[in-house]
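Breakdown of the fold
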Amino acid sequence: MKTTRYNPISSQMYIRNREKLVNQLKINSLVIVNSNDEMPKNGDQTFLFRQHSTLFYLTGIDQEKTILTICPHHPNPSLREIIFIINADPTTLVWQGYKLSPQDVTQLSGVKTVKFVDSFDSVLRELMVFSENVYLYQNDYIKFFTDVPCKDDRFALEIKNKYPLHNYLPLTTITSPMRAVKEPEEIAQMKIACGITRDAFLRVLKMVKPGVMEYEIEAEYTHEFIRQGANGHAFDPIIASGKDTCVLHYINNNKECKDGDLLLMDVGADYGNYAADMSRTIPINGKFSERQKQVYTSVLDVLNQATAMLVPGSCIDKWHKQVCKLIENELVKLGLLSTFDIENQNPDSPAFFKYYMHGSGHFLGLDTHDTGSKFQTFVPGMVITCEPGIYIPDENIGIRLENDILITDNQPINLMSDIPILPEEIENIMSN
């Protein structure tokens, strides 16, 4: 069965994910995970719906107004796993089209008990009676803050008000480490996302030239992503030319690309809710200048060395410090730092930070910045982006190169190994 533009993962993976979760719950526990909000846009419009990553990870259900409950110790086996969905009336079907049936939900998720959301409150009471601990989701991404209370936050306040005597626990202490280690089916989806991103990049290489607008380049990516069944961009695309190659999160994408300048592109397809994340920097006129190529080669050398360091036993924090030393050495070779600068630098504000001021990589998966701590030990199955860069505003040069790397028992695997990155490759493709 296919109810989305992408090919769904087998329900067996979601069954395994729930089993792993249940094995880590306290006795007499209840897990509740809500779907994301349909966020208001303007008038009677909402933004395009995107499913809650953890709900999707546990069910594979990609539909709004969905709730998952897991109560593994309930005396009634039929209430141990429940998915609540929309009961689509005839008017909804006319205006919005097909909605998942209970049979569809069971086939996608492996959950046998499917109810409609209008029965949730009454069923919840029965689940709470047989539970002591309640696991709720709360976004644990350290750097993210929002003024908008999401569904998870609102629901937590509501249930604690109705049932104040239960013990409430954060679900993410279990699911975040789980999600950081990818199942084979997840890696397969990410490979597809990387392949679509590759095809879009090749398409772009053949159309970039002086005079093209950044948004025209963005449109080429969007076209190829959608054409191949992706949901679209995994994040707001960065199409930055000229001086804006040194702006880390430039997303205006509204300038004309000028002869002699560089073009930095940080993009990735979202396939089946799984992200690819690629950065490439190319010469707008198809030929790197001598200095541009010199800086490019430095970043590429760091990328290759940093990739080899993504092995079990390390962690992002330790790895990033190693990458920073590599960058520091390259900055000396490029004449941007001296040994005197390094020997006399403030440890709290190192000299390299002037030219390299961001992290070296992050977890990747259902979210572009996926769950996982920078202190979490690398194990096989994790996917980490590797994205060194050097930014020289005074020279109008900003170069970032990024691949998605799978950690294994042996050598790390570059999921983007077939995406052109050598400067000669890029120049040859652009010249043809």
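Structural data are supplied above this passage.
Let me sum up the structure you'll find in this document.

Cut-offs applied
Residues numbered from 1 in each chain as written. Predicted model: local features only at pLDDT ≥ 70, side-chain atom pairs only at ≥ 80, totals over all residues. Heavy atoms only, no water. Buried < 20%, exposed > 50% of the residue type's maximum accessible area, 1.4 Å probe, protein only. Helix = DSSP H or I, 4+ residues; strand = E, 2+ residues; numbered from the N terminus. Pairing = 2+ DSSP bridges. Axes fitted to C-alpha atoms, helices over the stretch in contact; angles between N-to-C directions. Parallel < 35°, antiparallel > 145°, perpendicular 65-115°, else oblique. Contact = heavy atoms within 4.5 Å. Nonpolar A, V, L, I, M, F, W, Y, C, P; charged D, E, K, R; others polar.

Our focus in this paragraph is the pairing of strand β12 (residues 278-283). With respect to burial, β12 is a largely interior element, 6 of its 6 residues being buried. Pairing geometry for strand β9 (residues 262-267) and β12, over 6 bridges, is antiparallel. Residue methionine 265 lies in a different strand from β12, and its bridge partner there is arginine 280.

Before going further, it helps to spend a moment on the sheet that holds strand β4 (residues 113-116). On the basis of which strands lie adjacent, the open sheet formed by 6 strands has the order β4-β3-β2-β1-β5-β6 and mixed pairing. One side of each edge strand has no neighbouring strand; the edge strands of this open sheet are β4 and β6 (167-170). The mean inter-strand angle of the sheet, taken between neighbouring strand axes irrespective of direction, is 20°. Inspection of the sheet shows strand β2 (residues 67-70) paired to strand β3 (residues 81-85) by 4 bridges, in the antiparallel sense. The partner of isoleucine 67 across the bridge, within β3, is phenylalanine 84.

Another point: the packing of helix α10 (residues 290-308) against helix α13 (residues 423-431). At their nearest, the axes of α10 and α13 sit 11 Å apart, and the two run at 125° to each other. On the basis of their axis angle, the class for α10 and α13 is oblique. Only Pro423, Glu424, Ile426 and Glu427 of α13 make contact with α10, whose side of the interface consists of Lys293, Tyr296 and Leu300. A per-class count over the contact of α10 with α13 returns 4 nonpolar, no polar and 3 charged.

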